[in-house]
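# Overview (structure and organization)
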Amino acid sequence: MSSELKRTRGQTCVSDLRFDRMFAGELGEDEARAIDAHVADCALCRARRQELELARAGDEHRSATEANALHARATRSQRSPFARTASGVLAVAALAAGVWLALAPARGPGESREELRFKGGHGFGFYVQRGAAVYRGGPGEQLLPGDHLRFVARPRERRYLAVLSLDGAQRATVYYPAGPRAVALVPSGAEQALPASVRLDDVLGPERLYALFCAQPLALEPLRTALAQQRTTFSAPTGCELEQLLVHKAAP
Amino acid sequence: MTLDRQRFEELYRVHAPSVRRRAVELLGSEAEAAEVVQDLFLSMLERPQQFANKSSLTTFLYSATTHACLNRLRNQRNRARLLALHGAAAHDRHANPRAERVLQLRALLRELPDELAAVAVYHYLDEMTYDEIAALLGCSRRHVGTLLSRLAQLRGAQPEEACPAS
């Protein structure tokens, strides 16, 4: 048998189980803070947490579809596995991760915008996929139902990120991540595409996109509830920075 | 206890990624891992009482995933197929130290009895503490230390560390 097999993290480090329990919201605030404190000082755990977060985020896009299909199979339902996709608003697209961003031109088709700028200090922005075309969106972007959005960010420092939306019907939705808490994003010196995309539904009108960059992995449902209640007066919770983009969704 | 669609979707969204990640690493096959994910979550739908009193669903699923994967690794019909996959995966193993470790672990698992195989998974793949392994296996920390010593002997290696003090 091989004798080379060794673990990399020590007994005082954070195991994958503990990280996964934290991602699942099974740990208390104190324990989550203790993990954050350890990770801040431990390069091995920091790297592992980032690996796990990226893997998890990359996997989330298929969860709703698979879960519905399994549930339908188990209950022998004749309904479509897509019938219950989060109020029809958030259809997380099973796009080949990263491919369409790599093909994106610098400017939108037929647009003369010289520079598509990011708003705010953490470089929050998005790309649009419409049919076969992929282009970079920006503030005031005119979008269509069925467009896919892929969010990008360039965080100045390690932050937990969540993206929420308030659509033309004043309905609040969490666009990213699919899990219960904001997901860590580590500065890499480059713009990072979030590993999931959203498909816009057919609610027309102005839609506000909110990116929250937080020091702690905040739970998302209270944020969504606050956005639903406060609407356009929604402000960043303590410890978070808020960046907004206003886009417009019109009929084709 | 029943799981309605919304609750099941939430559980799946939160827990399926870790089940899938561990199954892919243990089995070396996305397709095999997808079957494990499907089997475990269907079982959850059909018999939700099996985890009704668990304080941590994540821990429960770690154990269930480990056993499901070890069973598959031992399945004679799967073995040849998975071995072929391991061979193919060996091409890039030097580019990724974790991939190298996982390959070695898979080779080791095929030769171990159940309890040692499970402790090897928790120790080397998930890098759990002795306390976490003991809780999952339902044994003492001392027994975990004994199992790891026996594992090291089988591998012809020195134990990495003695059972650390609490």
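Sequence order as written defines residue numbering, which begins from 1 separately in each chain. Lettering of chains starts at A and numbering of ligands starts at 1, both following the order in which they are written. In keeping with the model being predicted, local features are shown solely for residues with a pLDDT of at least 70 and side-chain atom pairs are shown and tallied solely at 80 or more, while totals for entire chains, interfaces and linings include all residues. The side-chain values count all of the structure's non-hydrogen atoms but skip hydrogen atoms and water molecules.

It is worth spelling out the pattern of salt bridges at this point. What makes a salt bridge here is a side-chain nitrogen of Lys or Arg within 4 Å of a carboxyl oxygen of Asp or Glu, nothing more. Scanning the entire structure with this criterion turns up 32 salt bridges over all chains. Ionic pairing is found between Glu157(A) and Arg156(A), a salt bridge with its closest N-O pair at 3.9 Å. With a relative accessible area of 34%, Glu157(A) lands in the partly exposed category. Per-residue accessibility, obtained with a 1.4 Å probe over protein chains only, is compared with the maximum for each type, and a residue is labelled buried under 20%, exposed over 50%, and partly exposed between these values. A relative accessible area of 47% places Arg156(A) in the partly exposed class. Note that Glu221(A) is salt-bridged to Arg224(A), the shortest N-O span being 3.0 Å. Note that Glu221(A) and Arg224(A) are positioned in helix 6 (residues 220-230) at a spacing of three residues, about one turn of the helix. Shared partners join several salt bridges into a network, and the residues in it are Arg9(A), Asp16(A), Arg48(A), Glu51(A), Glu25(B), Arg98(B), Arg101(B) and Glu127(B). By the criteria applied, helices consist of DSSP H or I runs no shorter than four residues and strands consist of E runs no shorter than two, each listed in order from the N terminus.

All names here are of chain A. Each Phe, Tyr or Trp ring, with Trp reduced to its six-membered ring, pairs with another whose centre is within 6.5 Å; inter-plane angles below 30 degrees give stacked pairs, above 60 give edge-to-face pairs, and intermediate values give tilted ones. What the rule picks out here adds up to seven aromatic pairs over all chains. When the ring of Phe-19 is compared with that of Phe-23, the centres are 6.3 Å apart and the planes differ by 15°; the resulting orientation is stacked. Placement of both Phe-19 and Phe-23 in helix 1 (residues 16-23) is noted, with a separation of four residues, approximately one turn of the helix. For Phe-19, a relative accessible area of 0% corresponds to the buried category.

Here the focus is the interface of chain A and chain B. Any two residues having at least one pair of non-hydrogen atoms within 4.5 Å are treated as being in contact. Listed per partner, the contact involves 41 residues of chain A and 51 residues of chain B. The contact between chain A and chain B buries some 4300 Å² in all, and 52% of this surface belongs to carbon and sulfur atoms. Between the two partners, chain A and chain B, sit four salt bridges. Identification of polar contacts relies on pairs of N or O atoms within 3.5 Å, with a donor-acceptor requirement for protein atoms, meaning one able to donate a hydrogen and the other able to accept it, and with residues adjacent in sequence counted only if both atoms are side-chain atoms. The interface formed by chain A and chain B includes 23 residue pairs in polar contact (both at pLDDT 80 or more). Within the residue set of the side of chain A that touches chain B, elements represented by two or more residues are helix 1, helix 3 (43-60) and helix 4 (63-75) of chain A. The biggest single contributor to the side of chain A that touches chain B is helix 4 of chain A, with 10 residues. Think of it as three bins: nonpolar holds Ala, Val, Leu, Ile, Met, Phe, Trp, Tyr, Cys and Pro, charged holds Asp, Glu, Lys and Arg, and polar takes everything else, Gly as well. Residues belonging to the side of chain A that touches chain B are distributed by class as follows: 13 nonpolar, 10 polar and 18 charged. Summed over both partners, buried area is the accessible surface (1.4 Å probe) that two parts give up on being assembled.

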